[in-house]
Amino acid sequence: KRVAIARGNIRVSKETIDKIKEGIIAKGDVLSVAQIAGIMGAKKTSDLIPMCHHVSITGADIRFNIIENGIEVESEIHSYGKTGVEMEALTAVMTTCLTIYDMCKALDKTMEIGEIYLAEKDGGKSGHILNER
């Protein structure tokens, strides 16, 4: 069994956070669309990164934590196989953040995506790795 958790964030204005919470962004429900995009990104990782093996994902979850100046994103990807799912977890976070950016760019031109990293992985030769930041 393989598991990987990645984290990242997107900084947005307070006005944008308020509109996301109220569900009044013109393109639709930002977090629902971003969650679907993140899962799709995880599934398409090997199409995007040339030397990345195709992995059969058995579970994918995207979680959000809305903070004062942005949104923290966490992905958790599961698989059974010969290779880990770190790249899928990282791609899921990036795709999620890019989707939030796309959906809010008409309102906020100062958004910043940052600090995307592998927070935890389990399975395989290296066993359990925890990156406590």
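For the structure itself, consult the block above.
The structure reproduced in this document is the subject of the present report. (Residues numbered from 1 in each chain as written. Predicted model: local features only at pLDDT ≥ 70, side-chain atom pairs only at ≥ 80, totals over all residues. Heavy atoms only, no water.)

### Some thoughts on the environment of glycine 123
Link 1 in the chain: Of note, glycine 123 is situated in the loop between strand E4 (112–122) and strand E5 (129–130).
Link 2 in the chain: Put simply, glycine 123 and serine 75 are 48 residues apart on the chain and 17 Å apart in space, counted from C-alpha to C-alpha.
Link 3 in the chain: Apart from residues lying up to four places away in sequence, glycine 123 is in contact with Lys1 and Arg2. (Helix = DSSP H or I, 4+ residues; strand = E, 2+ residues; numbered from the N terminus. Contact = heavy atoms within 4.5 Å.)

### A word on the packing of helix H2 (residues 30–43) against helix H4 (residues 86–104)
Link 1 in the chain: The N-to-C vectors of H2 and H4 enclose an angle of 145°; their axes lie 7 Å apart at closest approach. Like other packed secondary-structure pairs, H2 and H4 cross with a definite hand, here right-handed. Facing Val30, Leu31, Val33, Ala34, Ala37, Gly38, Gly41 and Ala42 of H2, the residues of H4 in contact are Glu88, Thr91, Ala92, Thr95, Thr96, Thr99, Ile100, Met103 and Cys104.
Link 2 in the chain: Per-class residue counts for the contact of H2 with H4 are 10 nonpolar, six polar and one charged. (Axes fitted to C-alpha atoms, helices over the stretch in contact; angles between N-to-C directions. Left-handed = near helix turned anticlockwise from the far one by under 90°. Nonpolar A, V, L, I, M, F, W, Y, C, P; charged D, E, K, R; others polar.)

### What about the environment of serine 56?
Link 1 in the chain: Take serine 56: it is sitting in the loop between helix H3 (45–48) and strand E2 (57–67).
Link 2 in the chain: Serine 56 sits 23 residues away from serine 79 along the chain, and the two C-alpha atoms are 6.3 Å apart.

### Considerations on the pattern of salt bridges
Where charged atoms from two side chains of opposite charge come close, those side chains can pair.
Link 1 in the chain: Per the stated rule, a full pass over the model turns up nine salt bridges.
Link 2 in the chain: Of the charged contacts, one joins lysine 27 and aspartate 102 as a salt bridge, the two residues approaching to 3.2 Å between their closest N and O atoms. With lysine 27 in the loop between helix H1 (14–22) and H2 and aspartate 102 in helix H4, this pair connects stretches of sequence that are 75 residues apart.
Link 3 in the chain: Residue class for lysine 27 comes out partly exposed when judged on its relative accessible area of 49%.
Link 4 in the chain: Given a relative accessible area of 31%, aspartate 102 falls into the partly exposed group.
Link 5 in the chain: Between aspartate 47 and lysine 44 there is a salt bridge, with its nearest N and O atoms 3.8 Å apart. (Salt bridge = Lys/Arg side-chain N within 4 Å of Asp/Glu carboxyl O. Buried < 20%, exposed > 50% of the residue type's maximum accessible area, 1.4 Å probe, protein only.)

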